[in-house]
2 protein chains.
Amino acid sequence: MYLRCLRKLQTEGVERISSNAMAQRFHLSSSQIRKDLAAFGEFGIRGVGYEVDALANHLRELMGLDRTHGVVVVGVGNLGTALSRFPGLQRDTFRVVGLFDTDPAKVGSEVAGHVVRPTEELADVVAETGARLGILAVPAPAAQASYDLLADAGVTAVLNFAPAQIKERAGTSVRSIDIRVVLEELAHRSIALDVPPTI
Amino acid sequence: MYLRCLRKLQTEGVERISSNAMAQRFHLSSSQIRKDLAAFGEFGIRGVGYEVDALANHLRELMGLDRTHGVVVVGVGNLGTALSRFPGLQRDTFRVVGLFDTDPAKVGSEVAGHVVRPTEELADVVAETGARLGILAVPAPAAQASYDLLADAGVTAVLNFAPAQIKERAGTSVRSIDIRVVLEELAHRSIALDVPPTI
DNA sequence: GGGTGTGAAACCTTTCACAGCT
DNA sequence: AGCTGTGAAAGGTTTCACACCC
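Given the structure is predicted, the values throughout are model-derived calculations rather than measurements. Per chain, residue numbering runs from 1 following the sequence as it is written. Chains carry letters and ligands carry numbers; both start at the beginning, A for chains and 1 for ligands, and go up in the order they are written. For a predicted model such as this one, the threshold for reporting local features is a pLDDT of at least 70, and the threshold for listing and counting side-chain atom pairs is 80 or more; totals across whole chains, interfaces and linings nevertheless cover every residue. To get the side-chain values, all heavy atoms of the structure are used, and hydrogens and water are removed first.

Novice: Is there a simple way to explain unusual backbone geometry in this structure?
Specialist: The phi torsion of most residues other than glycine is negative, and most of the peptide bonds are trans. All names here are of chain B. A positive phi angle, close to 55°, is found at His-27, a residue other than glycine. Any residue under 20% of the maximum accessible area for its type is buried, any over 50% is exposed, and the rest in between are partly exposed; the area is computed with a 1.4 Å probe on protein chains only. Residue classification places His-27 among the exposed residues on the basis of a relative accessible area of 74%. A positive phi angle is found at Ala-112, which is not glycine, with a value near 50°. Position of Ala-112 among the secondary structure elements: in the loop between strand S6 (110-111) and strand S7 (114-118). Helix numbering and strand numbering both begin at the N terminus, where a helix is a DSSP run of H or I of at least 4 residues and a strand a DSSP run of E of at least 2.

Written out as C-alpha cells, the structure reads:
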C-alpha cells in the first residue's frame, strides 16, 4: 500500500514528503505511517521527511520487485488469455514465460506471443526459465491437479482464479481470488450501503 | 467466510456442528466462532451446537444472498467474456442481465447468450432490469468514465478489474481487484516463504 | 455430559506526545 | 523550527473460563 502511494507521488514529481503530508494526501494517520515505515528501517530524515525515491526503492527491494519474476499460466481459456495479454505481465518485473493447457485444440496455437504447450512440458519450462510464479486459470475441477503440477515443478507462489479450495503444500503458497466470494461481498454492500470499502 | 464453511459442511451432509468441531475442521478458534456467531444473534443450541442449514440461511439473508442480483458487465474483451460465461453469474443469486462495450465491432455480437449493446443503452437496461451490481472489465483509461456511467444508471456496487484508481461517488461503492497488486503480493511471498496466506 | 454465550484477562494495534536529530 | 522514531496510553480483538442451558 505504501509502495502504491509512493509511486503516485513519484508520478507527481514529489521528491520528499513528511508523514503528515502523506497522511493528508492518502487519508491515513501520520503516526501510523511513521510506525510502519520505521519498522522497515530508519528511512526518514528528522526535520525533513521521507525521500520518496529512496523509500520506494527500499520497499520495492523488500517486496522482491527489483528483479524479474517469470510467470507460467495454466489454462488458456478466456481468463487465461486475458491475463496473458495483460501489459503488467510483459514488463521487467513480471514476465510470462509459458502458457499451458490440456486441450489439444489449444495446444500449438499462439496467444500473446507464446505458443500454448501441453501441461506435460510445464516442469521443463519452469526448470529452464527459473519461473517461480504460477497463475491458475483452469476450471474448478482441474485446479488441484494443476496446482500440484506447479508445485512439483518448483513454483513457489500460485495465484488461483478457479473457484476451488486448493490443498496447499509446503513451499508453494496459494492466493485465491474467488469471483463468487467477491460478488457476495458486493451483494452485501449493495444492500448495506454503509459498508466501507476494503483498502 | 463462515458461509463458505457452512456450505462445505452442507455438501458433506453435516446437519449440526459444535464450535469446537468447526474450529478443528477449518483451522479457527472455537471461542472466536462463538463470539462471531453470537453477534449475528443467538443461533447455537447449548449442549448441541449449531444447526448448519438454519445458520447458513440466516447468514445468506444477512448478506442479501436470498434474492437475485442483476449484474451488468461493461467491457467485453477476454476478461469481460470470461466473467460473463462464468457459471456463478448465471444462477439465481447472480444473473448477468446485460453486456456493454463501446467497440462497434463487438456491439451486436452474442456472448454468453446476450447481445452486446452500446454503453449508451446501459442506463435503460439498468432501469428496466433493476440491476444493482456492475462489473468493470474495460482498459484502465476507460475505467472512470465507465464507473460514472454505472453510478449514473443507479448501480450501487461495482467490481472493478481495471488497474485504475476509481474516484468513488456516494451511493456507488467500488471493490477493485488490481492484478498488478496481487502479483506483487505474490512476488513478496515467493521470496519470503514464511508469509501466511490471506484467508 | 456437552456446548453455547459472555464477562474478564491477555494480547495486539493504533494514537498520543515528546525527546532528540537535522 | 520541523519532523522522525519511539515509549506510554488508549483502544480493539482474541482467548480464557465458567455460569447457564439443553
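From this point, the discussion proceeds with the structure in view.
Novice: Explain the protein's contact with DNA strand D here, please?
Specialist: Around DNA strand D, the surrounding shell holds 20 residues, and the nearest of these are Ser-19, Gly-47 and Tyr-50 of chain A together with Ser-29 and Lys-35 of chain B. Among the atoms of DNA strand D close to the protein, meaning within 4 Å, 62% are from sugar or phosphate groups. Polar contact criterion, stated in full: a pair of N or O atoms within 3.5 Å, where within protein one must be able to donate a hydrogen and the other to accept it, and residues adjacent in sequence count only if both atoms are side-chain atoms. Within the side chain of Ser-29 of chain B, a nitrogen or oxygen atom sits 2.9 Å from a phosphate oxygen of DNA strand D. A distance of 2.9 Å is found between a base oxygen of DNA strand D and a side-chain nitrogen or oxygen belonging to Lys-35 of chain B. Sorting the residues of the surface near DNA strand D by element identifies helix H3 (30-39), strand S2 (44-45) and strand S3 (49-51) of chain A together with helix H3 (30-39) of chain B as the ones contributing at least two each. Here the surface near DNA strand D gets four residues from one element, more than from any other, and that element is H3 of chain B. Of the residues belonging to the surface near DNA strand D, the class tally is five nonpolar, eight polar and seven charged. Here a residue is considered near a molecule or strand provided that any single heavy atom belonging to it is located within 4 Å of it. All residues other than Ala, Val, Leu, Ile, Met, Phe, Trp, Tyr, Cys, Pro, Asp, Glu, Lys and Arg, Gly among them, are scored as polar; the first ten of these are nonpolar and the last four charged.

Novice: I tried to follow the side chain of Asn-160 of chain A on my own but got confused; where do I start?
Specialist: All names here are of chain A. Mapped onto the elements, Asn-160 comes out in strand S9 (residues 157-160). For Asn-160, a relative accessible area of 0% corresponds to the buried category. At 3.5 Å, the side chain of Asn-160 and the backbone oxygen of Ala-164 are in polar contact. Those residues in contact with Asn-160 that lie beyond four places of it in its chain are Leu-136, Ala-143, Ile-166, Val-174, Arg-175, Ser-176 and Ile-177. Pairs of residues are marked as contacts when any of their non-hydrogen atoms sit within 4.5 Å.

Novice: How should I be thinking about the interface of chain B and chain A in this particular structure?
Specialist: One frequently used descriptor of interface size is the decrease in accessible area upon assembly of the parts. Each side of the interface is counted separately: chain B has 50 residues, and chain A has 50 residues. Carbon and sulfur atoms make up 71% of the surface buried where chain B meets chain A, a total of about 4,200 Å² over both sides. For any pair of parts, buried area is found by adding up, for both, the accessible area (1.4 Å probe) each one loses once the two are put together. When residues of chain B are sorted by the area they lose upon contact with chain A, Asn-78, Arg-175 and Leu-183 of chain B head the list and together hold 14% of the total. By convention in these notes, a salt bridge is any Lys or Arg side-chain nitrogen within 4 Å of a carboxyl oxygen on Asp or Glu. For the interface between chain B and chain A, the tally reads four salt bridges.

Novice: When you look at the pattern of salt bridges in this model, what are you seeing that I'm missing?
Specialist: Proximity of charged atoms lets side chains of opposite charge pair with each other. Enumeration according to the criterion identifies 20 salt bridges over all chains in this entry. The salt bridge involving Arg-25 of chain A is made with Glu-12 of chain A; its shortest N-O contact spans 2.3 Å. Of this pair, Arg-25 of chain A sits in helix H2 (residues 19-26) while Glu-12 of chain A sits in the loop between helix H1 (2-11) and strand S1 (16-17), and the two are 13 residues apart along the sequence. For Arg-25 of chain A, a relative accessible area of 34% puts it in the partly exposed group. Among the residues examined, Glu-12 of chain A registers a relative accessible area of 42% and is labelled partly exposed. For Arg-7 of chain B, the salt bridge identified is with Glu-184 of chain A, shortest N-O distance 2.7 Å. Of this pair, Arg-7 of chain B sits in helix H1 (residues 2-11) while Glu-184 of chain A sits in helix H8 (residues 179-191), each in a different chain. On the accessibility criterion, Glu-184 of chain A (12% relative accessible area) is buried.

Novice: Mind showing me how you'd approach the pairing of strand S4 (residues 69-74) of chain A here?
Specialist: Sheet faces and side chains relate simply in a regular strand, where the side chains alternate between the two faces. Residue and element names in this part refer to chain A. Most of S4 sits out of view: six of its six residues are buried. Burial along S4 is two-sided: His-69, Val-71 and Val-73 facing one way and Gly-70, Val-72 and Val-74 facing the other are all buried. Orienting the strands away from the viewer, one traces the path from the first strand over the helix to the second; a clockwise path indicates a right-handed crossover. Considered for its hand, the β-α-β crossover made up of S4, helix H5 (residues 78-85) and strand S5 (residues 94-101) is right-handed. By definition, two strands form a pair when at least two bridges between them are found by DSSP. In this sheet, strand S8 (residues 133-136) lies alongside S4 in parallel orientation, the contact comprising four bridges. Its bridge partner being in S8, Val-74 is matched across the sheet by Leu-136.

Novice: I keep staring at the relation of the copies chain B and chain A and nothing clicks. Help me out?
Specialist: One copy of the chain maps onto the second through a rotation around an axis plus a translation along that axis. Copy-to-copy superposition: least squares on the C-alpha atoms, limited to residues that have pLDDT of at least 70 in both copies. Note on the copies: chain B fits chain A at an RMSD of 0.2 Å, the axial shift is 0.1 Å, and the rotation between them is 180°. What the superposition gives is, in effect, a two-fold axis relating one chain to the other. By residue overlap, the copies meet face to face through one surface: 100% of the interface positions of chain B are interface positions in chain A.

Novice: Sorry, what's going on with the protein's contact with DNA strand C here?
Specialist: Surveying the vicinity of DNA strand C reveals 19 residues, the closest of which are Lys-35 of chain A together with Ser-19, Arg-46, Gly-47 and Tyr-50 of chain B. Counted by atom, the contact set of DNA strand C within 4 Å of the protein is 61% sugar and phosphate. Taking Lys-35 of chain B, its side chain carries an N or O atom lying 3.2 Å from a base oxygen of DNA strand C. Between Phe-43 of chain B and DNA strand C, the recorded distance is 3.3 Å, taken from a backbone N or O atom to a phosphate oxygen. For the surface near DNA strand C, the secondary-structure elements that each account for two or more residues are H3 of chain A together with H3, strand S2 (44-45) and strand S3 (49-51) of chain B.

Novice: Got a minute to help me understand the sheet that holds S8 of chain A in this structure?
Specialist: Hydrogen bonds between backbone groups are what pair the strands of a sheet, and the pairing can be parallel or antiparallel. Residues and elements named next belong to chain A. Strand order in the open sheet formed by seven strands is S6-S7-S5-S4-S8-S9-S10, and the pairing between neighbours is mixed. Edge strands, defined here as strands with exactly one partner in the open sheet, are strand S6 (110-111) and strand S10 (173-176). Axis definition: a line fitted to C-alpha atoms, over the contacting stretch in the case of helices. Angles run 0 to 180 degrees between N-to-C directions. Across the sheet, helix H7 (residues 143-153) touches S4, S8, S9 and S10, and the angle it forms with S8 is around 170°.

Novice: Just to check I follow, could you spell out helix H5 (residues 78-85) of chain B for this structure?
Specialist: Since the α-helix turns once every 3.6 residues, residues separated by three or four places project in the same direction. The complete set of buried residues in H5 of chain B reads Gly-80, Thr-81, Ala-82, Leu-83 and Ser-84 of chain B. Its buried side turned inward, H5 of chain B meets H5 and H8 of chain A together with strand S4 (69-74), strand S5 (94-101), S6 and strand S8 (133-136) of chain B.

Novice: Just to check I follow, could you spell out the side chain of Ser-19 of chain B for this structure?
Specialist: All names here are of chain B. Along the chain, Ser-19 falls in helix H2 (residues 19-26). Since its relative accessible area comes to 8%, Ser-19 is described here as buried. One polar contact links Ser-19 to Arg-34, side chain to side chain, over a distance of 3.2 Å. Not counting residues up to four positions away in its chain, the partners in contact with Ser-19 are Ser-30, Ile-33, Arg-34 and Tyr-50.

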